[in-house]
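What follows is each chain in one-letter form.
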Amino acid sequence: MNDSSFPPSVPEILSPLAAGCLHLPARGAARAWACGLLAGEGPALAILPNSRELLDFAGDHEALRPRVPCICLPEIPLQGDPEERRPLLVHRGELVERWLREGGVLGVTAPGMLMPFAFSDGTFALRVGEEGVRGRLVRWLTDKGYQRAELVWLPGQYALRGDLLDLFPPAAAEGLR
């Protein structure tokens, strides 16, 4: 960009679009507007300095470009039991897969960009009338990092009572029964 003119002109801001890379020193809705233009050409990545600016960016993007999806990649706590973090890692991986599949803008903080994620590695197949499913299902859920709970209220938890299964997949907005 030309250092002699500030603020930069729209052509100066948008000229890097052809290269698929854009650095915006601007604040506020200008970032969401420009990233929405980038996302029209394929997946775009927006790295923001902190969680507050990420939330502001996502809100601005939704208001300015409602047809272009904006997926926010959450940060995860790095302390605690690694088994408890597994559902969050899978959730982050599923968000990245969704962004690669659907396009749009992936918003992430700089620290969140460096945090790990994991991809889901399989599905559980059921057939009507199949015997011995319960034990196999519990082993599969445990292997995938799900935690057994009395009441399911967090992603990555499941409860099995008789023939009733409550499950909260990491990438789902709410639990399933």
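Structural data are supplied above this passage.
Thresholds, definitions, all that
- Residues numbered from 1 in each chain as written.
- Predicted model: local features only at pLDDT ≥ 70, side-chain atom pairs only at ≥ 80, totals over all residues.
- Heavy atoms only, no water.
- Helix = DSSP H or I, 4+ residues; strand = E, 2+ residues; numbered from the N terminus.
- Buried < 20%, exposed > 50% of the residue type's maximum accessible area, 1.4 Å probe, protein only.
- Contact = heavy atoms within 4.5 Å.
- Areas by Shrake-Rupley, 256 points an atom, 1.4 Å probe, with all protein chains shown as cover.
- Arc of directions from axis to C-beta.
- Salt bridge = Lys/Arg side-chain N within 4 Å of Asp/Glu carboxyl O.
- 1 Å grid on protein atoms, 1.4 Å probe; cavity = no way out; pocket = protein on both sides within 12 Å on 5 of 7 lines; lining within 4 Å.
- Points joined across faces, edges and corners; volume = space filled by probe spheres on them.
- Nonpolar A, V, L, I, M, F, W, Y, C, P; charged D, E, K, R; others polar.
- Patch = residues over 30% accessible without salt bridge, like charges linked within 9 Å, V, L, I, M, F, W, Y side chains within 5 Å.
- Pairing = 2+ DSSP bridges.

Within the protein chain, the secondary structure is distributed over six helices and six strands. The secondary structure elements of the protein chain, listed N-terminal to C-terminal, are α-α-β-α-β-α-β-α-α-β-β-β. Within the protein chain, buried positions represent 36% of all 177 residues. At a minimum sequence separation of 6, the contacts of the protein chain that also span at least 24 residues come to 46%. Accessible surface, the protein chain as shown: approximately 11,100 Å² in total, 57% of it carbon and sulfur.

Taken residue by residue, helix H6 (residues 133–143) has Val133, Leu137, Val138 and Leu141 as its buried positions. Taken around the axis of H6, the buried residues stretch over an arc of 130°, which confines them to a single face. Set apart from the buried face of H6 by more than 90 degrees, the exposed residues are Arg139 and Asp143. Among the structural elements, strand E4 (147–148), strand E5 (157–161) and strand E6 (164–168) are those in contact with the buried residues of H6. Glycine 145 sits one or two positions beyond H6 and adopts a positive phi of about 95°.

Quick look at the environment of leucine 106 now. Following the sequence through the fold, leucine 106 ends up in strand E3 (residues 105–109). Between the C-alpha atoms of leucine 106 and leucine 95, which are eleven residues apart in sequence, the distance is 8.7 Å. Other than its neighbours up to four places away in sequence, leucine 106 contacts Ala44, Leu45, Ala46, Ile71, Leu73 and Trp99.

Here the focus is the pattern of salt bridges. Scanning all chains against the criterion turns up seven salt bridges. For the salt bridge of glutamate 53 with arginine 52, the shortest nitrogen-to-oxygen distance reads 3.7 Å. The exposure class of glutamate 53 is buried, given its relative accessible area of 7%. Taking the shortest distance from any N to any O, the salt bridge between aspartate 166 and arginine 177 comes out at 2.7 Å. Residue aspartate 166 is found in strand E6, and its partner arginine 177 is found in the segment after E6; the two are separated by eleven residues along the sequence. Judged by its relative accessible area of 9%, aspartate 166 falls in the buried class. Residue classification places arginine 177 among the exposed residues on the basis of a relative accessible area of 68%. Taken together, the shared-partner salt bridges in this structure form one network comprising Arg52, Glu53 and Asp56.

Within this model, the second largest pocket holds a volume of roughly 200 Å³. Around the second largest pocket, the lining residues are Leu126, Val133, Arg134, Leu137, Leu160, Gly162, Asp163 and Leu165. Per element, the largest residue contribution to the lining of the second largest pocket is three residues, and it comes from H6. For the lining of the second largest pocket, the residue count by class is five nonpolar, one polar and two charged.

All right, on to a nonpolar patch on the surface then. On the surface, a cluster of nonpolar side chains totalling about 410 Å² of accessible area is made up of Leu45, Ile47, Met113 and Leu114. Listed by contribution, the elements that provide at least two residues to the nonpolar patch are strand E1 (44–48) and helix H5 (110–114). By secondary structure assignment, the location of leucine 45 is in strand E1.

Here the focus is the pairing of E5. Along any regular strand, the residues point their side chains to alternate faces of the sheet. For E5, the buried fraction is high: four of the five residues fall into the buried class. Across five bridges, the pairing between E5 and E6 is antiparallel. Looking at E6, one finds that glutamine 157 is bridged to phenylalanine 168. Hairpin connection between E5 and E6: a loop of two residues separates the two successive antiparallel strands, and glycine 162 in this loop has a positive phi of roughly 65°.

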